[in-house]
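Architecture at a glance
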Amino acid sequence: MLDLIVPEETGRAGPLRSFTHVAAVPSNATASVGPARFGVRWVDVGPPVRAEIIVMPFQRDESFAHEVTLGETFPVGEEIWRFADLDMSSADDWEVTVRRVDENEVMEPPTGRLWKRARLRPYGQLDETQLQSLEAALGLRLPKSYRHWLGRTNGAEPETEHHVPGKPFSLLPERPLFGVHPGHPPIDLVHAQRVHRDPWLSPDWLVIANPSGGLLVVAVGNVGDEMVYFMHELDLVGPPGPAASSARERKLRAVAWSMWELIGRLTPVELGDLPPAQLLPPGTFTDPPNYEDGAR
């Protein structure tokens, strides 16, 4: 839903005002309210929290850009509007709330969540020759977005535990995103295929990390598929061979549309992110969590 609209009484004298006074503007979309359409070009968690809000009046051919901090106001025709809130689920998935301001109106406290930047330490860079040598060693062509990311970073080590909220895995300093490190096999991409892929999956997949909870993989047998997938550790069972691999691969779940989106969704784990501790009687059986929540 693009708009959050609240009707207003309009029987008073004075300048014509909007029939609506609040709108939610998602990333990569616009919201139409009253005299204009609103868009948001970018947001920055700062501090301070900032955004560039685009106002596109219906009665004019031009648009107006306003860089404002959270709580600041900007003009919309004869009206004054405020950057009232920001709610983020990742660096690229967010919703900005703008609200028309009445005279002497006190700002309501914002309630949105801010994305916490991922704290990853890249291992370095890979040039084109090194990337081609890697592909020759793997016997495959890397997906475009993953190849670009790997060239820029050569893998990355999280400074602390990181997760994608709602997904049952965690990257740890000792369980990083793999790169080209033949002298250090535990974080080497080529070595990882022998250890983590070959016992469970077909060569149509590339294991890019072994986080706590399972495997992160990308598709290399499906041209144009840039998604990052997750295989839960509970599914890493059964005999080797094509039939068993095919059954396991049907349980892969997409966690990001591309490698860059995965990085944008990774966030440091803090105590507030964890469920409350529970004391259970000895011998109590609990079902594993339902991790099959599908693609984003």
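Residues numbered from 1 in each chain as written. Predicted model: local features only at pLDDT ≥ 70, side-chain atom pairs only at ≥ 80, totals over all residues. Heavy atoms only, no water.

Locating proline 186 in the fold gives a position in the loop between strand 11 (162–163) and helix 3 (189–197). Residue classification places proline 186 among the exposed residues on the basis of a relative accessible area of 55%. Spatially, the C-alpha atom of proline 186 lies 9.0 Å from that of glutamate 174, the residues being twelve residues apart in sequence. (Helix = DSSP H or I, 4+ residues; strand = E, 2+ residues; numbered from the N terminus. Buried < 20%, exposed > 50% of the residue type's maximum accessible area, 1.4 Å probe, protein only.)

In terms of residue burial, strand 1 (residues 22–26) counts as a mostly covered element, since five of its five residues are buried. The sheet contact formed by strand 1 and strand 8 (residues 93–100) spans five bridges and is antiparallel. Within strand 8, the position partnered with valine 22 by the bridge is arginine 99. (Pairing = 2+ DSSP bridges.)

For the rest of this paragraph, the subject is the packing of aromatic side chains. Describing an aromatic ring pair means giving the distance of the ring centres and the angle of the ring planes. The tally for this structure, following the rule as stated, stands at five aromatic pairs. For the ring pair phenylalanine 38 and phenylalanine 74, a centre distance of 6.3 Å and an interplane angle of 75 degrees mean the geometry is edge-to-face. In this pair, phenylalanine 38 sits in strand 3 (residues 36–44) while phenylalanine 74 sits in strand 6 (residues 73–76), placing the two residues 36 residues apart along the sequence. In terms of burial, phenylalanine 38 and phenylalanine 74 fall into one category: buried. Ring pairing ties together the aromatic residues Phe38, Phe74 and Trp81, which thus form one cluster. (Phe/Tyr/Trp six-rings, centres within 6.5 Å; stacked < 30°, edge-to-face > 60°.)

Moving on, we get to the pattern of salt bridges. As enumerated under the stated definition, the model contains 13 salt bridges in all. One salt bridge connects arginine 113 with aspartate 87, and the closest N-O pair in it is separated by 3.0 Å. Here arginine 113 is found in the loop between strand 8 and strand 9 (120–122), whereas its partner aspartate 87 is found in strand 7 (residues 79–90), with 26 residues between them in sequence. The exposed category is assigned to arginine 113, whose relative accessible area is 51%. Classification of aspartate 87 by relative accessible area gives partly exposed; the value is 25%. Of the charged contacts in the structure, one is a salt bridge between arginine 147 and glutamate 135, with a shortest N-O distance of 3.0 Å. On the criterion of sequence distance, the pair formed by arginine 147 in helix 2 (residues 144–153) and glutamate 135 in helix 1 (residues 128–138) is long-range, its members being twelve residues apart. Of the two residues examined, arginine 147 and glutamate 135, each falls in the buried class. A single salt-bridge network, built from bridges that share partners, covers Glu128, Glu135, Arg141 and Arg147. (Salt bridge = Lys/Arg side-chain N within 4 Å of Asp/Glu carboxyl O.)

In this section: the sheet that holds strand 3. Ordered in space as 2-3-4-5, the four strands form an open sheet in which the pairing is antiparallel. Here the strands that pair on one side only, and so sit at the sheet edges, are strand 2 (30–33) and strand 5 (64–69). Ignoring strand direction, the axes of neighbouring strands in this sheet form an average angle of 30 degrees. In this sheet, strand 4 (residues 50–57) lies alongside strand 3 in antiparallel orientation, the contact comprising eight bridges. Within strand 4, the residue paired with aspartate 44 across the bridge is arginine 50. (Axes fitted to C-alpha atoms, helices over the stretch in contact; angles between N-to-C directions.)

If you look at the biggest cluster of nonpolar residues, it comprises 44 residues, and the most contacted ones within it are Tyr146, Leu150, Leu206, Leu216, Val228, Met259 and Leu262. Elements represented by at least two residues in this core include exactly helix 1, helix 2, helix 3, strand 12 (205–209), strand 13 (214–219), strand 14 (228–232), strand 15 (253–256) and helix 5 (259–265). When neighbours within four sequence positions are excluded, leucine 216 is seen to be in contact with Phe169, Leu206, Val207, Ile208, Ala209, Pro211, Val228, Tyr229, Phe230, Val255 and Leu262. Ala36, Val45, Ala51 and Phe74 belong to the second-largest nonpolar core, a separate cluster that totals 24 residues. (Core = buried A, V, L, I, M, F, W, Y, C linked by side-chain atoms within 4.5 Å. Contact = heavy atoms within 4.5 Å.)

This part covers the pairing of strand 3. As paired strands, strand 2 and strand 3 are joined by four bridges and run antiparallel to one another. If you follow serine 32 over to strand 3, its bridge partner there is arginine 37.

Time to look at the confidence of the model for the chain. In low-pLDDT regions, the fine details of the predicted coordinates are not to be read closely. For the chain, per-residue confidence averages 84 on the pLDDT scale, and residues scoring 70 or more make up 84% of the total. Contacts for the low-pLDDT stretch residues 276–280, under 50 throughout, to residues beyond four places or in other chains number one contact. (pLDDT = per-residue confidence, 0-100.)

So, on to the packing of helix 1 against helix 3. At a minimum axis distance of 10 Å, the contact between helix 1 and helix 3 shows a crossing angle of 20 degrees. Classed by the angle they form, the pair helix 1 and helix 3 counts as roughly parallel. For helix 1 against helix 3, the interelement crossing comes out right-handed. Across the interface between the two elements, Leu134, Ala137 and Leu138 of helix 1 pack against Leu189, Val190 and Gln193 of helix 3. Within the contact of helix 1 with helix 3, the residues separate by chemical class into five nonpolar, one polar and no charged. (Parallel < 35°, antiparallel > 145°, perpendicular 65-115°, else oblique. Left-handed = near helix turned anticlockwise from the far one by under 90°. Nonpolar A, V, L, I, M, F, W, Y, C, P; charged D, E, K, R; others polar.)

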